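A structural walkthrough
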Amino acid sequence: MIWLAILGCALGCYLLKLAGMSVPEGVLAHPVLRRTADLLPVVLLAALVAVQVFVVGGTDGPALGIDARLAGLGAAFVALLLRAPFIVVVIVAALTAALLRL
Amino acid sequence: MDAATRSIVRDGIAVGIATGAYGISFGAVSVTSGLDVWQSCALSLLVFTGASQFALVGVVGASGNPFFGALSGLLLGTRNTLYGLKVAPMVGWHGARRAAAAHLLIDESTAMTLTRKSREHARAGFLSTGLSVFLLWNLATLAGALAGDSLGDPRTYGLDAAVGGAFLGLLWPRLDTLLNRVAAVLGAALALILVPFVPAGVPVLAAGVVALGLGLTSRHRDDEPAQDP
């Protein structure tokens, strides 16, 4: 199941790259299409942040909750404000949550 | 090779090294999300676009259907199509070369190509960045996956919190306009509202509707690659 998802994602992502390299630039010129494609990564990444931090797995399925991950996200936010590189941001988030759980 | 080309190649390799460090976090997060070392390495080799890979393992880590994870990855991969439209005329490759180059089409290689003034420099920027990121990203994924595998319970090390931090780090350089900030807040809110009612993985996909809604109603904004890892 996971392998199928990996291979499907790989094939699809490659074809998306190849399509961009192969079609004439005018094909995707429609402004609504371009704006939507431009906004998609922003919206999806924000949704991924929210789901990663606030969703807890319960016996009745996923639910919303708050734990040490929110403190980790806050620490990552401060690190980004201080212009820390990506790897530092990730480590700061992990360390903050780990320290709170000691 | 002239001095300007050598300088472009050096910059490309520097970007590759910086991105390699970020590959370690992907490898570690991937195995702690429940994928094995082989699956983590296959993602970096075959998918080779960071945000899509993180999205897939994020959904798997939340016990979601991997199929929804793959779909999230594909939606995030659409931005590479827009990059390709701009990169293709600059590098001017055709046939098998273009098919091979397409695999290296990512945020970093695009950013290091679009600013060049000549075809030779564009090719140098694209290849040096794309190849060095590819090499180091895959080596780093393997190292991170092996390290993550030997750690035990990921919660002890806060690795579950690292995923949220990683996504915020990817999002950060894109929060440069008011429209993008509004889109981010709406997308996050819609996903959270849906969490109790739909299977894991679906809230993130559904948030994509926000992009369509704002795309239909907002004014034009040019698409440039973000300078992120």
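Below you will find a few notes about this structure. For clarity, every value in this text was computed on a predicted model and none was experimentally measured. (Residues numbered from 1 in each chain as written. Chains lettered and ligands numbered in written order. Predicted model: local features only at pLDDT ≥ 70, side-chain atom pairs only at ≥ 80, totals over all residues.)

A few points about the overall build of chain A
On a plain count of helices and strands, chain A comes out with four helices and two strands. When its helices and strands are written in sequence order, chain A yields α-α-β-β-α-α. By the compact-globule yardstick of 13 Å for 102 residues, chain A is too spread out, its C-alpha radius of gyration being 19 Å. Here chain A, with 102 residues, has 47% of them falling under the buried criterion. Taking as baseline every contact in chain A between residues at least 6 positions apart, the subset at least 24 positions apart corresponds to 26%. (Helix = DSSP H or I, 4+ residues; strand = E, 2+ residues; numbered from the N terminus. Rg over C-alpha atoms; globule rule 2.2 N^0.38 Å. Buried ≥ 20, exposed ≤ 12 C-beta atoms within 10 Å, placed from the backbone. Contact = placed C-beta atoms within 7 Å.)

Overview of the overall build of chain B
A count of helical and extended segments in chain B gives ten helices and zero strands. Listing the helices and strands of chain B from first to last along the sequence gives α-α-α-α-α-α-α-α-α-α. For 229 residues, the compact-globule estimate of 2.2 N^0.38 gives 17 Å, and chain B sits close to it at 18 Å. Principal axes of the C-alpha set define a box for chain B whose edges measure 60 × 50 × 30 Å. Across the 229 residues that make up chain B, the buried fraction comes to 57%. Sequence separation of 24 or more characterises 72% of the internal contacts of chain B that already satisfy a separation of 6 or more.

Focus on unusual backbone geometry
Phi at Arg83 of chain A is positive, roughly 60°, even though this residue is not glycine. Here Arg83 of chain A is to be found in the loop between helix H3 (68-81) and helix H4 (86-100). A count of 8 C-beta atoms within 10 Å places Arg83 of chain A in the exposed class. For Ser63 of chain B, which is not a glycine, the phi torsion comes out positive at approximately 60°. Position of Ser63 of chain B relative to the elements: it lies in the loop between helix H3 (50-61) and helix H4 (66-91).

So, the environment of Ala42 of chain B
All names here are of chain B. Within the secondary structure layout, Ala42 lies in helix H2 (residues 37-47). Look at Ala42 and you get partly exposed, because 18 C-beta atoms sit within 10 Å. Sequence separation between Ala42 and Arg123 is 81 residues; the distance between their C-alpha atoms is 27 Å.

Regarding the packing of helix H1 (residues 3-32) of chain B against H3 of chain B
Residue and element names in this part refer to chain B. Contact geometry for H1 and H3: axes closest at 9 Å, N-to-C directions at 20°. One way to sum up the angle between H1 and H3 is to call them roughly parallel. The element H1 and its partner H3 pack so that their crossing is left-handed. For the pair H1 and H3, contact is made by Phe26, Val29 and Ser30 and by Gly50, Gln53, Phe54 and Val57, respectively. Grouping the constituent residues of the contact of H1 with H3 by class yields four nonpolar, three polar and no charged. (Axes fitted to C-alpha atoms, helices over the stretch in contact; angles between N-to-C directions. Parallel < 35°, antiparallel > 145°, perpendicular 65-115°, else oblique. Left-handed = near helix turned anticlockwise from the far one by under 90°. Nonpolar A, V, L, I, M, F, W, Y, C, P; charged D, E, K, R; others polar.)

Details of the nonpolar core
Formed by 106 residues in total, the largest nonpolar core has its most connected members in Val43, Leu44, Ala47 and Ala93 of chain A. In terms of residues, this core owes the most to one element, helix H2 (residues 31-54) of chain A, which gives 14 residues. Once residues lying within four places of it in the same chain are set aside, the contact partners of Ala93 of chain A are Gly72, Leu73, Ala75 and Ala76 of chain A together with Gly158, Ala161, Ala162, Gly164 and Gly165 of chain B. (Core = buried A, V, L, I, M, F, W, Y, C linked by C-beta atoms within 7 Å.)

What to know about the interface of chain A and chain B
Tallying the contact residues gives 67 residues for chain A and 89 residues for chain B. Mapped by element, the contributors of at least two residues to the side of chain A that touches chain B are helix H1 (2-22), H2, strand S1 (55-58), strand S2 (61-64), H3 and H4 of chain A. Sort the elements by how many residues they give to the side of chain A that touches chain B and H2 of chain A lands first, with 23 residues. Considering only residue class, the side of chain A that touches chain B consists of 51 nonpolar, nine polar and seven charged.

Points about the packing of H2 of chain A against H4 of chain B
Contact pair H2 of chain A / H4 of chain B: the axes reach a minimum separation of 9 Å and the direction vectors enclose 140°. Relative to H4 of chain B, H2 of chain A is oriented oblique. Along this stretch, H2 of chain A crosses H4 of chain B, giving a crossing that reads as left-handed. In this structure, H2 of chain A uses Ala37, Leu40, Pro41 and Leu44 of chain A to contact H4 of chain B, whose residues at the interface are Ser72, Leu75, Leu76, Thr78, Arg79 and Leu82 of chain B. Residues of the contact of H2 of chain A with H4 of chain B, tallied by class, amount to seven nonpolar, two polar and one charged.

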